[in-house]
Structure formats: structure tokens, C-alpha cells
Amino acid sequence: MNLVAFLGALEIGCVYGLVALGVFLSFRVLNFPDLTVDGSFPLGAAVVATLIVAGADPYLATAVAVLAGAAAGLVTAFLNLRFRILHLLASILTMIALYSVNLRIMGRPNVAIIAEPTVITPFEGLGLAGLYLKPLVAFAVVAIVAALLARFLVSEYGLAMRATGANPRMARAQGIATAQSTYVGMALSNAMVALGGALFAQMNGFADITIGTGTIVVGLAAVIVGEAIFRGGGIVVAVAACLLGSVIYRLAVALALNADFIGLKASDLNLVTALLVTVALILPGARNPLKALLTRGGK
Amino acid sequence: MIRIENLHVTFNPGTAIETRALRGLDLEIPAGQFVTVIGSNGAGKTTLLNCLTGEVPPTEGRILIDGTDVTLWPATRRSALVARVFQDPLAGTCEALTIEENLALAAARGTRRGLASALHAARRAEFREKISRLGLGLEDRLGDRMGLLSGGQRQAVSLVMATLRPTKILLLDEHTAALDPRMQDFVQRLTRELVEAERLTTLMVTHAMRQALELGGRTVMLHEGRAVLDVADEERAGLGPADLVALFAEVRGQELDSDSLLLS
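A short tour of the structure in this document, coming up. (Residues numbered from 1 in each chain as written. Chains lettered and ligands numbered in written order. Predicted model: local features only at pLDDT ≥ 70, side-chain atom pairs only at ≥ 80, totals over all residues.)

Looking now at the overall build of chain A. Helix and strand counts for chain A come out as 12 helices and 2 strands. The order of helices and strands in chain A, counted from the N terminus, is α-α-α-α-β-α-α-α-α-β-α-α-α-α. For 299 residues, the compact-globule estimate of 2.2 N^0.38 gives 19 Å, and the C-alpha radius of gyration of chain A, at 19 Å, lies within 12% of that figure. Considering only contacts in chain A between residues 6 or more positions apart, those separated by 24 or more positions represent 78%. (Helix = DSSP H or I, 4+ residues; strand = E, 2+ residues; numbered from the N terminus. Rg over C-alpha atoms; globule rule 2.2 N^0.38 Å. Contact = placed C-beta atoms within 7 Å.)

As C-alpha cells, this is what we get:
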């Protein structure tokens, strides 16, 4: 693996680290299997690209993208809590609706912003080669978000949110408004995923309607890899593990793709990811906390 | 003080599986009294507790706590006044969270939960002190996951959690039933100590007649959603478990008689 491939893997690992944090919050903390991310990731990209093309400030555009993601999470939570639609189905409904919404926002399947200013532009004057700059910015963003998330989860409100996912009846008996903390958690989760999408678009110079496909599986893979490596420890370790899991997963993929003797092509990525998650779920003795949520009879 | 007026709860009204769990229950419990509640399965004991916590809305009637009508308060709002220990040790705590995190959850019961850190030095010291009183050695394991504790240890921690915040009412739902005899005695003793120390108005549901007479100062027997026996103080002191069982059978016998009358 050469330096370009290595830095590229770091960059994409950090961008998808945001997805992993979002997936961690919904799946692990709230116990809410949420597939909305397949729609909220491209939603973030679509909003940011469209606004930047229209001449908006890239930071403002990113903020709007984050809010759009939060709104998508609220819709899924609303369908589940208000109308008692099953978690998975509620999130699939939002996801499929977002496909059309994203096309409406962009007006076409692909928007290029390669020549436009992005959130990275202000840092380009610092004299750092573009090769190093992008992974650095991506890492800074995801590290800040992860730190904020970890701090949130050890707060009174964050602890209440964790109780909501772990034992809702006990949470209510302790005076926790479980519906409210589910709304807040789902909004935060999809806001982080949309931020990932917004960063992805600005790093790669385009937003495309297809970039959302399989986002959830990539996020799950990162969470699973992270938990497999950093087992035990408190919630702060678990949050850091998601981020590191995402980077390690991308590095492993880059290694595999670059090793000619395996004969893998870049287009095999989704197949490899699906296999990895499947193996992690069916491997006997794998003490994977997600297993209970994602397999029948696991609980 | 708790006042329950003409409380009715009907599940699935108007259907073939309609269940009238409570049928006009009246009960007044003065502040600081420890009441044990007995009754056969389906007598309405758990429904009564669920009404007090706000988990089950009454079909009819009122519930007043210290003179305030709380009938329409949701469970989250009620939690500022009511603490509960469940029968199932798994139900009252979060096994995925640590002991101190569980305690922190209970310490914030009935308060606004903000973004301040849930655990800090002063709080940890308070938890340590409260948990060390149990004499189970758990004060050195505050960072352990709750799931690592035995059922009895979890019930003991649940009791501490219930009394961390000043509370008006403590509800105990057969909280020793799932424990082995030794742990049962321990949790029973702990219950008595905590209730006396905090002077809590307490309602304890139990199936064990002996326990119903040993703890507290008043025993109420529910049958078919109504209070059919209410003994306190001297009258109760003269009763043994056998007398209670006899009274129990008497109440059930009446029911059998009326059934046989209907059938004949």
C-alpha cells in the first residue's frame, strides 16, 4: 500500500467514523435498529452540495445539512413512537422517502462541487499539501464530534438516554421521559451521519444519489470492529472504539484491495463489508453486543 | 399520605377478555405507615401498585398523594413522589450500566436532567457511603457492571436507589420473592431499616403471610379488586400466618359458595 492509498483510507475512515458514531448511538445506546442512515448520509451530501453550488457559505451549508439529518432522524422516531411502526420498517420508510427527497434537493442524480469553496478551503493557505490536509481535517472533525458525544453520554441526560435503551421500564420509573430521549438520540444520530455525508461530498468534490447504498452496513462494520478490538471499558472507550474501528476497517480494506494476489477490485467493497458483518454475527462465541439486536433468539 | 378513592381498573373493556382488576378500591394510608398487601393471584395487588406509579391509568376513581390529585399524572412526573422496587431484580436496574451509573440515574429521579456530568467526586463519595452500609463489599465495586451482581445484591442496590432521593411513597412489589432464603432475610431486614430511617410511607406486596405480618404495622388483603381485610396494630399483632391463611380461605370460601349457588 502506498502513501496515497494509506492517507485515502485514513480520510475515508474518519468520514465514516461519523457514521459509526451515529450507528453506535442508535443501535447500541438507544437499542433502536435504524436504517435511516442510508438516506441521511446522501441527504447531508445533497444539501451541502446544492447550497454550495447556489453560492452559500460552506460552513453554513454544512450546518444546514446537519439539521436536515436531524430532521430525518426525528421522522423515523416519530413513525416509531407515535404510530408504533416497527423500528426497522419506520427507518426503511424514511430511507426510501429520502431517496426521492435527495433527488428533489439536487435536481439531478449528481452535483459536482470540485471547483467550489468547501470547509477545507480556508486551511489550504497553511502550506500543508492537499494530500495530508484532507485526512487531517476529517480527523479533527470526527475527533471533536466523538469527544462531544462521549461527554454527552456521561452527562445526566446522556445517562438517561442510555437507560432508555437498556431498560425503558426502569427508566420511566426513574422519571426519565423515554420518548423524548429517543427523539433527541435519533436526531443526534442522524445529524452525525449527515455531517459525514456533507464532509464526504466536500472531500470528494461531488454529491451523488447512490453514495448512501450500504452506509448502514459500513457503519455497523466499524462498530463491530471497534468493539471486537476494544472490549470492556466504559462508554468513553466504546465511543473511541467506533472511531478507531472505522479507521482500522478502512485500512484493512485498503490493504486487501492493494494486495494484488487476493485479486480484489474496488467494486468488491460492499461484498467484503457484507461478508465481514455476517461473519461477525454468526461466528460462534463472538461476544458481539450487536448480536442480540440483529439475530433471532439472540436475546 | 395516600388516599385512594373508589378506584376501578378494567383491562380490555367491552371485549371477551375484559378483566376487572380493581373494582372500587378505597384505601387511606397515613404518612409514614408501612402497609403490607396480600391477596391471591389476580386480586389486583400489582395493578394497585401500577396505578400508584402511574403506569396504569384508572378507569374510574382518584388517587391523592399528600392531598394532591395525581390521578392524571404520567409515570415520569409521578416518579418525583413515588419510588418502586420490582419483583424481578433485572427489572429495577440497568445491567449494562455500572453500579454507580445506576445509582446516578436514581439520584436524579424527579429532577431535571441536564448536561452536567452524572458522576462527580461528591456524588461518588455519597454512593460509597450509602452502599457500604449494606455490608456487601459493593462499595469497592461501584465501577462494575450491574449485570455482574447476584439477584440479592441487585435488590439491595435497588432499595438504596429507591431511597437516594427524598420520596413520599415506597412501593415494594414482592421484592424478595425471587431470592434465596438467606438473601430474603437480608433484604427484609434492610427494608425495615431503610423504611424506619427515612420514615417512608410504604406499600409492600407479598405472597408470604409470615412476611406480611412481620413487616410494617398494617396488613390489607385484596380480593377481586377490593380490600376485604384490613388489620392494624393490636388486632394484627394477635394474628399468626395460620390465622391469615384461614381468613384467606374464608374469603375464598364465600366465593366458592356463591359459585355453587349459581351452579345449582
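Even without being glycine, Arg 84 of chain A reaches a positive phi, approximately 55°. Mapping Arg 84 of chain A onto the fold places it in the loop between helix H3 (58-83) and helix H4 (87-106). A positive phi angle, near 50°, is found at Asp 66 of chain B, a position not held by glycine.

Once that is clear, we can look at the environment of Ala 46 of chain A. Residue and element names in this part refer to chain A. Note on placement: Ala 46 falls in helix H2 (residues 37-53). Separated by 61 residues in the primary sequence, Ala 46 and Gly 107 place their C-alpha atoms 9.6 Å from one another. Setting aside chain neighbours within four positions, we find Ala 46 in contact with Asn 102, Ile 105, Met 106 and Ala 207.

Before going further, it helps to spend a moment on the interface of chain A and chain B. Taken together, the 18 residues of chain A in the interface contact 26 residues of chain B. Residue contributions to the side of chain A that touches chain B peak at 7 residues, all from helix H6 (residues 156-166) of chain A. In terms of residue class, the side of chain A that touches chain B is built from 10 nonpolar, 4 polar and 4 charged. (Nonpolar A, V, L, I, M, F, W, Y, C, P; charged D, E, K, R; others polar.)

Residue and element names in this part refer to chain B. A sheet is described by the order of its strands in space; here 4 strands give the open sequence S2-S1-S4-S5, paired in antiparallel fashion. Looking at which strands have only one partner, the edges of the open sheet turn out to be strand S2 (19-29) and strand S5 (68-69). In the sheet, strand S4 (residues 60-65) pairs with S5 via 2 bridges, with the strands oriented antiparallel. Note that in S5 the partner of Leu 64 across the bridge is Asp 69. Contacts from helix H1 (residues 45-53) reach strand S1 (2-11), S2 and S4 within the one sheet, and its direction differs from that of S2 by about 65°. (Pairing = 2+ DSSP bridges. Axes fitted to C-alpha atoms, helices over the stretch in contact; angles between N-to-C directions.)

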